[in-house]
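Coordinate analysis (summary)
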Amino acid sequence: MNYKVEKTEKNELRTSIELSKEEWLAANKKAYEKNKSKYSVPGFRKGHVPYSYLVKAYGEQIFFEDAINIAFGEHYFDIIDKETDYVVIDGPSVEDIKMNDDGGLTIVAIAPLKPIVKLGKYTGIKIEKVEYNVTDEDVEKEISNLRERNSREVEVNDRPVQEGDICDIDFSGSIDNVKFEGGTAQHHMLTIGSKTFIPGFEDQIIGMNIGGERDITVKFPEDYPQESLAGKEAVFAIKLHAIKVKELPEVDDEFIKDATGEESVEAYKKSVTEKLQKANEEKAKREIEDKLMKMITDETEVEIPDCLVQRGVDNLVQDMEYRMMYQGLKLADYLKYTGQTMEDYRKGLEEPAKARVKSQLVVEQIIAEEKIVATEEELEEKIKAQAESVEKSYEEYRAGMPSQQIEYIRNSIVIDKLFALLLANNKIA
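First things first, this report covers the structure right here in the doc. (Residues numbered from 1 in each chain as written. Predicted model: local features only at pLDDT ≥ 70, side-chain atom pairs only at ≥ 80, totals over all residues. Heavy atoms only, no water.)

Looking now at the side chain of E289. When you line up the elements, E289 lands in helix α6 (residues 265-298). By relative accessible area, which is 10% here, E289 ends up buried. If near-sequence neighbours (up to four positions away) are discounted, E289 is found in contact with F419 and L423. (Helix = DSSP H or I, 4+ residues; strand = E, 2+ residues; numbered from the N terminus. Buried < 20%, exposed > 50% of the residue type's maximum accessible area, 1.4 Å probe, protein only. Contact = heavy atoms within 4.5 Å.)

Here it is in structure tokens:
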């Protein structure tokens, strides 16, 4: 087998594989072994017809397509592995097939190469500093959240329902006196004012007394996800079983010590301030990094092949499916609700996907030009820290790590070093 590779003007790799007569015959024989059970010829049991008889009966082209696939698969990927100067980013397409004069065969395939990235300026850039300061309101919000987490519900028996009450209700909804699916529940806990029900539902429960019953009328929004209910008027029969209110603890040193372990309110406020400040610094750092990468990416020239764009779209679709799954939703339902086809949805993701791919290519190019690597010492340090966090020895933890996890840590070290380099070599003011 002889081969030749060449890079085209379109940044593709053209691979020409020339098989000798013997190699082409061997590929046909393998295709025969794969397919012989499908054929029968008078005088032979099905699956036991000799190769030569099948060729005479059906012609020399009988195994042509399978033989091409076998011969191509046996050689192409080995060639790509050897030609390390080229990075193929998608599967090949056959451009030409021709029989040689000596009875052999030549296959020519085309595959896209990793795009050529022409970096613009990525050092000496001036970027505006981003700062977030911790305010008294931020600290008070943390304290409010702490009180909420440590609150308790107390029953109220001496008054009707008010805004903010937690109500234990039964409800049964109907449209034109016909109950509909999902419109009935017993002992549902509803916070009045939470706006978790149809507009107008919660307001009409205000004023009810424990044990009381009431019919309320509401109209489903025109854009309600369940089409059979959208825009329709419904009547809900309500029964109120109980009223509860949320009782919040007083903020004093005793409460703070019990809830957080801090010695006093002031000590907790100081701890919260430090925690929020650290989070703000991380947030500011990420924003600066994002702005810097956008400026560098905008100045970079690269032609992104469609295969990478579509791969990026696939990733964005998958991200959306995961996010919706965690909310108990399906992407198909979302598309139906928004009146989109999957084709429309994917089309709308092409520009964001292209931007993400371009940014990744820029990152990879800077890493290559700056020769940024993760040393074994840095990798070991990261793994030791993880091992300590789960109270295991380095040796035990490392032995149980899958290769993907090790590669992820290695990549994270490289990315951290990349942004450290960018932040050190650009002006932030």
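This part is about the pattern of salt bridges. Under the defined criterion, the tally for this structure stands at 25 salt bridges. K285 is paired through a salt bridge with E289; the nearest N and O atoms lie 2.8 Å apart. Pair noted here: K285 and E289 are both in helix α6, with a separation of four residues, about one helical turn. For K285, a relative accessible area of 38% corresponds to the partly exposed category. Note that K294 and D298 form a salt bridge whose closest N and O atoms lie 3.0 Å from each other. Here K294 and its partner D298 are both found in helix α6, four residues apart, which amounts to about one turn of the helix. Classification of K294 by relative accessible area gives exposed; the value is 51%. Linked through salt bridges whose partners overlap, the residues forming this network are E6, R14 and E95. (Salt bridge = Lys/Arg side-chain N within 4 Å of Asp/Glu carboxyl O.)

With that settled, consider a nonpolar patch on the surface. A cluster of nonpolar side chains, Y322, M325 and Y326, forms an exposed patch at the surface whose accessible area comes to about 400 Å². Relative to the assigned elements, Y322 resides in helix α7 (residues 306-326). Taking the relative accessible area as the measure of exposure, Y322 reaches 42% and is therefore partly exposed. (Patch = residues over 30% accessible without salt bridge, like charges linked within 9 Å, V, L, I, M, F, W, Y side chains within 5 Å. Areas by Shrake-Rupley, 256 points an atom, 1.4 Å probe, with all protein chains shown as cover.)

What follows covers the packing of aromatic side chains. This model, assessed by the stated rule, comprises 18 aromatic pairs. When the ring of F171 is compared with that of F201, the centres are 6.1 Å apart and the planes differ by 80 degrees; the resulting orientation is edge-to-face. Residue F171 is located in strand β7 (residues 166-175), and its partner F201 is located in the loop between β8 (178-191) and β9 (213-219); the two are separated by 30 residues in the primary sequence. With 6.4 Å between their ring centres and 75 degrees between their planes, Y334 and Y345 make a pair best called edge-to-face. On the criterion of sequence distance, the pair formed by Y334 in helix α8 (residues 331-338) and Y345 in helix α9 (residues 342-348) is long-range, its members being eleven residues apart. (Phe/Tyr/Trp six-rings, centres within 6.5 Å; stacked < 30°, edge-to-face > 60°.)

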